[in-house]
Amino acid sequence: MDDTTAHPRRLALVLAAAGALVAGVLAAAPAAAAPARPATGTSTIGARSFGCATARPGRMSCLGRFAPRRVRTRAGRPVAPATTGSPTTVGLTPAQLVDAYGLGSADAAGRTVAVVDAYDAPTAEADLATYRAAYGLPACTTANGCFRKVNQDGAASPLPAGDYGWAEEISLDLDMVSAVCPSCHILLVEANSADTDSLGAAEDTAATTSGVVAVSNSWGGAEDATETDADSHFRHPGVAITASSGDSGYGVSWPAASPYVTAVGGTSLSTASNARGWTETAWSGAGSGCSTQKPKPSWQHDSGCAQRSVADVSAVADPNTGVAVYDTYNSCGTSSWCDLLLALGLAQGADGWVQVGGTSASSPIVASVFALAGNTGSIDQSYPYSHASALNDVTSGSNGSCGGSYLCTAGPGYDGPTGLGTPNGTGAF
């Protein structure tokens, strides 16, 4: 594991560094008799990843990002944490997501969405209960049969070791399924580690569990020649499998490049005075492009890529216009001191309500729309391509430089960062 849970010495160094920071701030404060040094207002700490390890061959990383954090400063140094917010002041709410994507009348009738992640989130069910209660969503618990957490073999125990970064990813996934599909049941499958074999085993467990109609994968890594053998874990006819397109801008990741998944790109979503009430542009961090490993599926017809193009569809992913998530599993406890460490990136996890994004948000959103539509038993990855008129076409924004090509620049019709567009009801799913 790559977090401070597994390394007590690292945690001690983190705490020491934070202590030194605060000590430096105090030392810099003026003496009582000296003129007061003016405060410098606030400082913004940029968006950062959840800390789910760096992807490398055979090992995946989760694809969530914290929104930029604002901290009070004195003489240019941080002296107070960003607030953890509340369910009405941090990020997009379930009601807003349902409205933005035209899902108000849809009902999944208890169909199950599975989310596959690595490691354990010990507070997952309790945090999920807080999220759903805050927005008046029906309870989804182990006791009432709505929620299940299992290991990669499908058993309730033993569960993998905890990981703060992946736990934040799990909270994001569970909360997005709840937001978009409160009538869905949820299966959380936790892989023993973030390696391809473990996640592949978890994928098979998720897709073959009775009642599961959609599986979301909010993780990925760079393409390489080894992925072809692992593609078989995503080949489950009758189950819609979604995968995040990536958070590093133009470029293709796997498993989004797999021909057996619906690759989900990302947008920036904001309220507007138009008929829809919302506007979307391509998020600059969304992954997209032309696969170096996968041949062109028969259902893709864009002319600028002879291989598999990414993405297929999209949803909100920009952490600046991100979603509200509740998570309390962290490496420093519950206190203002912990909040400071978290705000500065010196501790991992979260301590309450946070605004997050990344294509880790868009993948479970789209998986949940598949569950709401209820068609997965009779459709495949080609379905959105033959029903693109039932999507919101995203026509502006870019995620990098590719010579002005549609593979990195949004425009009318299909483009790389946003695919065919975002949900406008369930008609394309």
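Refer to the structure presented above.
Residues numbered from 1 in each chain as written. Predicted model: local features only at pLDDT ≥ 70, side-chain atom pairs only at ≥ 80, totals over all residues. Heavy atoms only, no water.

Engineer: Explanation requested: the overall build of the protein chain in the structure shown.
Structural biologist: A count of helical and extended segments in the protein chain gives eight helices and 22 strands. Here the protein chain, with 429 residues, has 56% of them falling under the buried criterion. For the protein chain, contacts bridging at least 24 residues in sequence account for 76% of all contacts bridging at least 6. Total accessible area on the protein chain is roughly 15600 Å²; 54% of this is exposed by carbon and sulfur atoms. (Helix = DSSP H or I, 4+ residues; strand = E, 2+ residues; numbered from the N terminus. Buried < 20%, exposed > 50% of the residue type's maximum accessible area, 1.4 Å probe, protein only. Contact = heavy atoms within 4.5 Å. Areas by Shrake-Rupley, 256 points an atom, 1.4 Å probe, with all protein chains shown as cover.)

Engineer: Just checking my understanding: could you explain the state of the cysteines for this structure?
Structural biologist: Any covalent bond linking the sulfur atoms of two cysteines counts as a disulfide. All told, the structure shown has six disulfides when counted by the stated rule. The disulfide partner of Cys332 is Cys338, and the S-S distance across this bridge is 2.0 Å. For the disulfide bridge between Cys332 and Cys338, the dihedral angle about the S-S bond is near 60°, and by the sign convention the bridge is right-handed. The class of Cys338 is buried, set by a relative accessible area of 0%. Put simply, Cys402 and Cys408 are joined by a disulfide, and their sulfur atoms are 2.0 Å apart. (Disulfide = S-S within 2.5 Å.)

Engineer: Sorry, what's going on with the side chain of Asp247 here?
Structural biologist: Relative to the assigned elements, Asp247 resides in the loop between strand E12 (240-244) and strand E13 (253-254). Polar contacts involving the side chain of Asp247 include one to the main-chain amide nitrogen of Thr359, which spans 2.8 Å. (Polar contact = N/O pair within 3.5 Å; in protein donor to acceptor, adjacent residues only side chain to side chain.)

Engineer: Explanation requested: the nonpolar core in the structure shown.
Structural biologist: Note on soluble globular proteins: their nonpolar side chains tend to be buried together. Counting residues in each nonpolar core, the largest one holds 102 residues, and the members touching the most others are Leu97, Leu174, Met176, Val215, Val323 and Phe429. Examining the composition of this core, we find that 10 residues originate from one element, helix H4 (residues 164-180), more than from any other. (Core = buried A, V, L, I, M, F, W, Y, C linked by side-chain atoms within 4.5 Å.)

Engineer: What should I look at first to understand the pattern of salt bridges in this one?
Structural biologist: Two side chains that carry opposite charge are able to pair once their charged atoms sit near each other. On inspection of all chains with the given rule, the structure shows six salt bridges. Ionic pairing is found between Asp120 and Lys149, a salt bridge with its closest N-O pair at 3.0 Å. Of this pair, Asp120 sits in the loop between strand E7 (112-118) and helix H3 (124-134) while Lys149 sits in strand E8 (residues 147-151); the two residues are 29 residues apart in sequence, bridging distant segments of the chain. With a closest N to O distance of 2.9 Å, Glu280 and Arg276 form a salt bridge. (Salt bridge = Lys/Arg side-chain N within 4 Å of Asp/Glu carboxyl O.)

Engineer: Explain the sheet that holds strand E11 (residues 219-222) to me, please; I cannot follow it from the model alone.
Structural biologist: The strands making up a sheet associate through backbone hydrogen bonding, with each pair oriented either parallel or antiparallel. With respect to topology, three strands assemble into an open sheet ordered E3-E11-E13, the strand pairing being antiparallel. The open sheet is flanked by strand E3 (61-62) and E13, the only strands paired with a single partner. As paired elements, E3 and E11 share two bridges and run antiparallel to each other. Counterpart to Ser61 in the pairing with E11 is Gly220. (Pairing = 2+ DSSP bridges.)

Engineer: Looking at this structure, I do not really get H4. What am I missing?
Structural biologist: Note: α-helices contain 3.6 residues per turn, so residues at a spacing of three or four share the same orientation. Over its 17 residues, H4 extends 25 Å from the first C-alpha to the last, a length consistent with the 24 Å expected when each residue adds 1.5 Å. Burial analysis of H4 places 17 of its 17 residues in the buried class, the great majority of the element. The N-cap of H4, judged by a side-chain oxygen 3.0 Å from the amide nitrogen of Gly165 a few residues on, is Asp163. (Expected span 1.5 Å × (residues − 1).)

Engineer: Could you clarify how one ought to interpret unusual backbone geometry in this entry?
Structural biologist: Trans is the common state for peptide bonds, and a negative phi is the common state for residues other than glycine. That bond from Trp254 to Pro255 is cis: its omega, 15°, falls within 30 degrees of zero. The omega torsion of the bond from Val310 to Ala311 falls at 15°, within 30 degrees of zero and hence cis. Despite not being glycine, Ala109 shows a phi value in the positive range, around 55°. Note that Ala109 resides in the loop between helix H2 (94-100) and E7.

Engineer: Just to check I follow, could you spell out the pairing of strand E19 (residues 323-327) for this structure?
Structural biologist: Moving residue by residue along a regular strand, the side chains alternate between the two faces of the sheet. Of all five residues that make up E19, five are buried, and the element is covered over most of its length. Neither face of E19 is exposed, since Val323, Val325 and Asp327 on one face and Ala324 and Tyr326 on the opposite face are all buried. Where E19 meets strand E20 (residues 352-357), five bridges bridge the pair, whose relative direction is antiparallel. When the bridges of E20 are listed, Tyr326 appears paired with Trp353.

Engineer: What is the right way to look at the pairing of strand E14 (residues 262-271) in this model?
Structural biologist: Among the 10 residues of E14, eight are classified as buried, and the element is accordingly described as predominantly covered. Across three bridges, E12 lies against E14 in parallel orientation. Its bridge partner lying in E14, Ser244 is registered against Val264. Relative to strand E18 (residues 313-316), E14 runs parallel, the two sharing four bridges. Bridge pairing links Thr267 to Val316 in E18.

Engineer: Help me understand the sheet that holds strand E2 (residues 48-49) in this model?
Structural biologist: Strands sit in the order E2-E4-E20-E19 across an open sheet of four strands; the sheet is antiparallel. Only two strands of the sheet have a single partner each, and these edge strands are E2 and E19. Across two bridges, the pairing between strand E4 (residues 65-66) and E20 is antiparallel. When the bridges of E20 are listed, Phe66 appears paired with Val356. In this fold H3 packs onto E19 and E20, with an angle of close to 140° to the strand it touches most, E19. Contacting E4, E19 and E20, H4 crosses the sheet at an angle of about 125° to E19. (Axes fitted to C-alpha atoms, helices over the stretch in contact; angles between N-to-C directions.)

Engineer: In this structure, what is going on with the side chain of Asp415? I would like to understand it.
Structural biologist: Here Asp415 lies in the loop between strand E21 (391-392) and strand E22 (422-423). Separated by 3.3 Å, the side chain of Asp415 and the backbone nitrogen of Gly411 make a polar contact. At a separation of 2.7 Å, a polar atom in the side chain of Asp415 contacts the side chain of Thr418. Residues contacting Asp415, with those up to four places away along its chain left out, are Ala311, Val394, Tyr406, Thr409 and Ala410.

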